[in-house]
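Chain by chain, the residues run as shown.
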Amino acid sequence: MKNTSVSILINPYNNEPLVLKNGNDFLTDHLGNIVPIVNGIPNFLALEETKDLNLKYQKFYDKISRLNDIAEVVYSLFYDLKKLRSDWMKDVEVQENWNVLETSVGTGWNFKVLPKNANYFGIDISAGMLKQAQRNQKKWGIPMELFQGNAEYLPFANNSFDSVFHVGGINFFNNRERAILEMIRVAKPNTKIVIIDETEEKIQQQYRKTPLVKRYFSTSDIDQARTVAPVDLVPKTMKDIEVKLLDKGKMYQLSFRTI
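This text gives an overview of the structure that appears in the document. (Residues numbered from 1 in each chain as written. Predicted model: local features only at pLDDT ≥ 70, side-chain atom pairs only at ≥ 80, totals over all residues. Heavy atoms only, no water.)

### Re the sheet that holds strand β8 (residues 163–167)
1) Next: The strand order β7-β6-β5-β8-β9-β11-β10 describes an open sheet built from 7 strands, whose pairing is mixed. Of all the strands in the sheet, the pair left with one neighbour each is β7 (144–148) and β10 (239–246). Neighbouring strand axes in the sheet, compared pairwise and without regard to direction, differ in orientation by 15 degrees on average.
2) Next: Here β10 pairs with strand β11 (residues 251–257) via 6 bridges, running antiparallel. The residue bridging Glu 242 from the neighbouring strand is Ser 255, located in β11. (Pairing = 2+ DSSP bridges. Helix = DSSP H or I, 4+ residues; strand = E, 2+ residues; numbered from the N terminus. Axes fitted to C-alpha atoms, helices over the stretch in contact; angles between N-to-C directions.)

### Description of a positive patch on the surface
1) Next: A cluster of basic residues, Lys 82, Lys 112, Lys 116 and Lys 139, forms a positive patch on the protein surface.
2) Next: Here Lys 82 shows up in helix α3 (residues 81–88).
3) Next: Assessed through its relative accessible area of 60%, Lys 82 is described here as exposed. (Patch = residues over 30% accessible without salt bridge, like charges linked within 9 Å, V, L, I, M, F, W, Y side chains within 5 Å. Areas by Shrake-Rupley, 256 points an atom, 1.4 Å probe, with all protein chains shown as cover. Salt bridge = Lys/Arg side-chain N within 4 Å of Asp/Glu carboxyl O. Lys, Arg positive; Asp, Glu negative; His and termini not counted. Charge placed at Lys NZ, Arg CZ, Asp CG, Glu CD. Buried < 20%, exposed > 50% of the residue type's maximum accessible area, 1.4 Å probe, protein only.)

### Concerning a nonpolar patch on the surface
1) Next: Residues Leu 67, Ile 70, Val 74, Tyr 75, Leu 77, Phe 78 and Tyr 79 make up a contiguous nonpolar surface patch of roughly 800 Å² in combined accessible area.
2) Next: When you line up the elements, Val 74 lands in helix α2 (residues 52–76).

### Some words on the sheet that holds strand β2 (residues 26–28)
1) Next: Strand order in the open sheet formed by 4 strands is β1-β2-β3-β4, and the pairing between neighbours is antiparallel. In this open sheet, the two strands that pair with only one neighbour each are β1 (19–21) and β4 (41–42).
2) Next: Pairing of β2 with strand β3 (residues 34–38), which is carried by 3 bridges, proceeds in the antiparallel orientation. Its bridge partner being in β3, Thr 28 is matched across the sheet by Ile 34.

### Points about the packing of aromatic side chains
1) Next: What the rule picks out here adds up to 13 aromatic pairs.
2) Next: Ring geometry for Phe 121 and Phe 156: centres 6.4 Å apart, planes at 80 degrees, overall edge-to-face. Taken together, the residues Phe 121 in strand β6 (residues 119–124) and Phe 156 in the loop between β7 and β8 connect sequence positions 35 residues apart.
3) Next: Phe 156 gets classed as buried once you look at its relative accessible area, which sits at 0%.
4) Next: Through pairs of rings, three or more aromatic residues link up here, namely Phe 44, Phe 121, Phe 147, Phe 156 and Phe 161. (Phe/Tyr/Trp six-rings, centres within 6.5 Å; stacked < 30°, edge-to-face > 60°.)

### Brief notes about helix α5 (residues 127–140)
Because the α-helix completes a turn every 3.6 residues, residues three or four places apart line up on one side.
1) Next: The end-to-end C-alpha distance of α5 is 20 Å, a good match for the 20 Å that 14 residues give at a rise of 1.5 Å each.
2) Next: Among the residues of α5, those classed as buried are Gly 128, Met 129, Leu 130, Gln 132, Ala 133, Gln 134, Asn 136 and Trp 140.
3) Next: The N-cap residue of α5 is Ser 126: its side-chain oxygen and the backbone nitrogen of Gly 128 are 3.3 Å apart. (Expected span 1.5 Å × (residues − 1). Polar contact = N/O pair within 3.5 Å; in protein donor to acceptor, adjacent residues only side chain to side chain.)

### Digging into the nonpolar core
1) Next: In terms of nonpolar packing, the biggest core is built from 34 residues, with Leu 101, Phe 156 and Phe 256 touching the most fellow members.
2) Next: Going through the elements one at a time, β3, β6, α6 (176–186), β9 (192–198) and β11 are the ones with two or more residues in this core.
3) Next: Ranked by the residues each element gives to this core, the list is headed by α6, at 5 residues.
4) Next: Residues within four places of Phe 256 in sequence aside, it is in contact with Ile 180, Ile 184, Thr 191, Lys 192, Ile 193, Ile 195, Val 234, Met 238, Lys 239, Asp 240 and Ile 241.
5) Next: If you look at the next biggest cluster of nonpolar residues, it comprises 25 residues, including Trp 88, Trp 98, Met 144 and Val 167. (Core = buried A, V, L, I, M, F, W, Y, C linked by side-chain atoms within 4.5 Å. Contact = heavy atoms within 4.5 Å.)

See below:
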């Protein structure tokens, strides 16, 4: 882990700065709270109890993590996934040497279609997904700093990132409003934040008809209000708030700029 990366890390539950101890074995704050580093990835979930929807979907993404990249290859036989991802990332602002954060980074595929000269950071609740992201990092040669944690409690200091984005997953967070406020907190002034997720149309047409995953997308857990852009959760003080549909209405994009 780079020293520059450690310098922006905090304990997200008390806002205390963290330092490396015992070589690179773990991070700690001055109160003695420990963040273990497992195979090079700090695990901030050690500081909390994962529960409710966050726990449900952590298990889901761990379960499908080994199949995720296989599915990516299979789908690419029928669809131009590079173009699709590039279309999704079109409004994500990236410049040379910028610090760029993706929450719910998954296996890192979105970084692959962005410029290679930025500093990429990714956080995800799923250890399985992050393990695959590590493999992709080595295969693609794209530098990524990866963290396991809850996007509702980001382990980064205020004003740490020049660009922040999210693709897939926020529909099913325990507290979507808190996650959005955290994105704002860690972003620098005038930073563009982009949030993309599935609409009800995609969930109905794809997820609820796929045997392996359909039980995770039951209507008893996920109401339709969670499958539209959460504009009402964005503080009215933000600038340039915009909503649009992507991929023929299967995805929504909510974007805005910090003040």
